[in-house]
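Structural characterization, general
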Amino acid sequence: MADEYGRKWDRCLADTALKTVTGLGVGIVFSVLLFKRRTWPVSLGSGFGLGMGYANCQHDFRSPYLIHGHMVKVNQIQYTVLCRPA
Amino acid sequence: MLRVCLRGANATARRNCGRTPLTNLQHCRHYTAGETSGGAAKVVAAGLVTVGGGIGGAILYAKWDHKFRAAVEKNVPYSDWLLGLALGPASQDGGFPVKTQMEIAQPPSMMEKQMKTSKAKPEKKVKEAAESPAKETGPVPAQPAQSLEEASAEATHIISAISEVPSVPAPCDTEAAAVKEECKETAAVQPDTESPAAAEPIKERPVEEVAARLAQQDQEEQDIVASISASLEESLASSAKATLQAIGAQEAALQAITRHTHKLKEAMEAEVSPQEKSAQWKDLEAALADRTGAVDDAGAALLKANEALDSLKSVIDKSKGLKASAVRPLVLAAEENLHNMVVDLDKVVTKVQSAESEAKIVSQYSELVNEAKQQFQREVSSLTPEIQANWKGLTGKLSVDDLNALIAHAHRRIDQLNRELAEQRVREQIHIDAALEQQKLEDQKALEKAVNTSLQHFKEEARLEQERKLSELREVMEAEMRTQLRRQAAAHTDHVQDVLKVQDQELRAEAEQVLSSKMLEQETCYRQLSQEQLDNFTLDMNTAYARLKGMEEAIDSHVVAEEQARKAHQLWLSVEALSYTLKTADADSPTVPLESAAQVVRDSCGDSDFALALASALPEQSLQRGVYSEASLRARFNSLRSLVRRVALIDESHNSLYQYFLSYLQAVLLFEAKQEAPPAHLSSEDLDPFKLLSYASYCLEHGDLELAAKLVNQLRGEARRVVEDWLTEARLTLETRQVISLLSAYANAVGLGTTQAP
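Residues numbered from 1 in each chain as written. Chains lettered and ligands numbered in written order. Predicted model: local features only at pLDDT ≥ 70, side-chain atom pairs only at ≥ 80, totals over all residues. Heavy atoms only, no water.

The name that an unreviewed UniProt entry assigns to chain B is MICOS complex subunit MIC60, with the source organism given as Lates calcarifer. Turning to chain B, the UniProt record has this under Subcellular location (unreviewed entry): "Mitochondrion inner membrane". (UniProt positions renumbered as here; feature names shortened; annotations may be inferred.)

As annotated in an unreviewed UniProt entry, chain A carries the name MICOS complex subunit MIC10 and comes from Lates calcarifer. Annotation of chain A in UniProt includes, under Subcellular location (unreviewed entry), the sentence "Mitochondrion inner membrane". Per UniProt, the comment on chain A under Function (unreviewed entry) is "Component of the MICOS complex, a large protein complex of the mitochondrial inner membrane that plays crucial roles in the maintenance of crista junctions, inner membrane architecture, and formation of contact sites to the outer membrane."

Next up, the structure:
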């Protein structure tokens, strides 16, 4: 299960980064569009994103027996390793 | 990590708090140094005085009261030594000598009583009477008569005791037997007193001895009787002779006295011629001489007779003192004789005395007459000196003057005599009175003497009568006793016969019983022996058969054992092959699947359930996939270690990401030993993940996979999840290895078991 730990962390970080950036982007958009280029929506958006990623990460770590499914497209043959419940 | 720091702080704090302030207490003691020294001395002195006074008082009281002393000695350990030192040994013998003296004083007094009193006595005193006379006469030198009297006294006691019981044979027997036993006991008490007094008719002696004793006793009695009778006769004869002599002498004296008196009277009164007168006077003198001689003879004879009588009396007393019963009539006769003789002698003596008194009177009268005659003669001669004495023959020689003078003298004399006569007549009465008085006195004296003598004689007669009656009574009693004894003897013989019969029967029955029991014993013995023989034979047969069977079995088992050995060898080979497959593991890939080898093992183990069970206990994974080697596990562990360190702080509740961050920080900052030897007992401190990891790595480095797995098993939380895989693999490997080692051990054991020693 050591690998799972690593994988989790990868997922987690990737997700957090994504969310943060997304939040940042949404914040920028809102700041530009609605809030007269103030900084606070940016930080708010990034904060939202960071927080959501953090929460997801925590949730993921707290429920170790939850299996993450991967969607397998029929066209792409992806050999995914199923998470075995430990 | 915060917790770790807190934990470390707590530990250090706990270690520091161990040293408690002991130094405070030591200061408190030295305050009361020497404040009450004077008071203590006073108290000590008072205590010593009290104790000394108590001890002294106890010693003094113990001296006075012995019971207290005994109690103290018993209860207080060394007090007897102290009291002995102070007072001397305790006097314990004070009371005993007094008691023994009293006891000793009692039997002699009892014995005296017995000797003095006569027959009617209570039954209890039979013992004492039997005992004390036996005691007393034991040391006394043989006085057979005395002992005989005691024996007879005893016998009379017994007879008197028995006569109180009704004379029916059966009760009499028991009574007699009881008394006999009592007497036997008392007789047995003094077994050594073989005095002749032991002629107790109650002691069981052999007949010859009894007869001998009785004969001896009779002989002795007869001897005594003979001697006594001889002595008595002798003394009787001598005394009789003496008495007769005395009586004869007294009679002769009496005769002489009377003759003399008669002659004197004659001489006084008869007026005869002078020649005859002188012849008369000569006769008178001769008679007087006779009389004195006879009186002297009589006196001497009387003395002799008295002596003889005294000796006879002494002999009689002595013979009475000897107390032989057969002697009594002799003694009685002798006494009677003595009495008679004494009486006769006294009579004769009185006769002689009366004659003597008469003679005295006559002699006095004659003296008076002679005196008067002489007086007259003197007067006449004084008047007429020439006239001679024989004046009656004078005729014519006298002158008238002489005659006148004579006549005048005669007249004067006659006047004088008349005057005297008158005076005498006057004084007659007085003289008569005086004479009467004198006579009365003399009569009284004589009367008294006569009365005394007659009283003595009567007393003597009465005593003799009493003695005679006593002897008669005694004879009667003896006869009665003899009859009773005869009766008792008859009863005794009857009883003895009965007892003998009963005893005979009893003994016969006993003998028969003994005989039958012995016969039974012998029979059972014989049977036992024969049975034993049979048993032994059977036993031998059985053993032989068993041995035969054993040999057959041994041969069979040999065959079986060889077969088993072959099978065991096969098993062993297959197990060896299986264990070899374990070694085929590479660095990271597992071994080949063990299925085939396991199958071989299964085939070769045959019917051994144990081996089959073991063979089927191999885990599926190992059969299908194979197991990892220890080296690969070790390598994996090392890589796992860092991961475990990173999540060490995360527990089952899967804390927040912040915890994760802290855990990571802790892993970075905390340094633990790479390898640490695990202790024998894990305490709660050792359950720290870092510590566990270092223990586990140590174990792994030293090849102890099992202990490493155990230690890793102690991880909790996320760390546990991380090492789960590794743990499973480790378990698998361990399981497989265990099974294979068991199988090989089993195979070895079987092989060893079936190996036959040369």
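Thoughts on the pattern of salt bridges
Residues and elements named next belong to chain B. Tallied over the full model, the rule gives 24 salt bridges over all chains. Of the charged contacts, one joins Asp504 and Arg508 as a salt bridge, the two residues approaching to 3.3 Å between their closest N and O atoms. Here Asp504 and its partner Arg508 are both found in helix 13 (residues 428-582), four residues apart, which amounts to about one turn of the helix. Relative accessible area serves as the criterion here: at 37%, Asp504 is assigned to the partly exposed category. Since its relative accessible area comes to 53%, Arg508 is described here as exposed. Among the salt bridges present, the one from Arg641 reaches Glu672, with a minimum N-O distance of 3.1 Å. Of this pair, Arg641 sits in helix 17 (residues 630-646) while Glu672 sits in the loop between helix 18 (657-669) and helix 19 (689-701); the two residues are 31 residues apart in sequence, bridging distant segments of the chain. (Salt bridge = Lys/Arg side-chain N within 4 Å of Asp/Glu carboxyl O. Helix = DSSP H or I, 4+ residues; strand = E, 2+ residues; numbered from the N terminus. Buried < 20%, exposed > 50% of the residue type's maximum accessible area, 1.4 Å probe, protein only.)

Description of the state of the cysteines
Residue and element names in this part refer to chain A. A full pass over the atoms with the stated rule returns one disulfide over all chains. Paired through a disulfide, Cys12 and Cys57 show a sulfur-sulfur distance of 1.1 Å. Looking along the S-S bond of the Cys12-Cys57 disulfide, the torsion reads about -120 degrees, which is the left-handed sense. Of this pair, Cys12 sits in helix 1 (residues 2-33) while Cys57 sits in helix 2 (residues 40-62), and the two are 45 residues apart along the sequence. The buried category is assigned to Cys57, whose relative accessible area is 3%. (Disulfide = S-S within 2.5 Å.)

Observations regarding the UniProt feature "transmembrane region" (unreviewed entry) in chain A
This chain's UniProt record puts "transmembrane region" (unreviewed entry) on residues 16-35 of chain A. A distance of 25 Å separates the end C-alpha atoms of residues 16-35 of chain A, which is 90% helix and 0% strand.

Digging into the nonpolar core
Membership of the largest hydrophobic core comes to 33 residues, with the highest contact counts inside it found for Val712 and Trp726 of chain B. Looking at this core, the elements with two or more residues in it are helix 1 and helix 2 of chain A together with helix 17, helix 18, helix 19, helix 20 (705-713) and helix 21 (718-754) of chain B. With seven residues, helix 21 of chain B is the largest single contributor of residues to this core. The residues touching Trp726 of chain B, leaving out its near neighbours within four places in the chain, are Leu633, Arg636, Phe637, Leu640, Leu700, Leu705 and Val712 of chain B. Ala246, Leu254, Ile316 and Val349 of chain B belong to the second largest nonpolar core, which has 32 residues in total. (Core = buried A, V, L, I, M, F, W, Y, C linked by side-chain atoms within 4.5 Å. Contact = heavy atoms within 4.5 Å.)

Quick look at the packing of helix 2 of chain A against helix 18 of chain B
Each packed pair of helices is defined by two parameters, the angle between the axes and the distance between the axes. Put simply, helix 2 of chain A and helix 18 of chain B touch, their axes get as near as 9 Å, and they point 75 degrees apart. It follows that helix 2 of chain A is roughly perpendicular to helix 18 of chain B by the angle criterion. Only Leu657, Tyr658 and Tyr660 of chain B of helix 18 of chain B make contact with helix 2 of chain A, whose side of the interface consists of Tyr54, Cys57, Gln58 and Phe61 of chain A. Grouping the constituent residues of the contact of helix 2 of chain A with helix 18 of chain B by class yields six nonpolar, one polar and no charged. (Axes fitted to C-alpha atoms, helices over the stretch in contact; angles between N-to-C directions. Parallel < 35°, antiparallel > 145°, perpendicular 65-115°, else oblique. Nonpolar A, V, L, I, M, F, W, Y, C, P; charged D, E, K, R; others polar.)

Overview of the interface of chain A and chain B
Contacts between the two partners involve 13 residues from chain A and, on the opposite side, 15 residues from chain B. Between chain A and chain B, the buried area comes to about 1300 Å², and carbon and sulfur atoms account for 62% of it. Here chain A is connected to chain B by zero salt bridges. For the side of chain A that touches chain B, the secondary-structure elements that each account for two or more residues are helix 1 and helix 2 of chain A. Looking at the side of chain A that touches chain B element by element, the count peaks at five residues for helix 2 of chain A. Classifying every residue of the side of chain A that touches chain B gives nine nonpolar, one polar and three charged. (Buried area = accessible area lost by both parts, 1.4 Å probe.)

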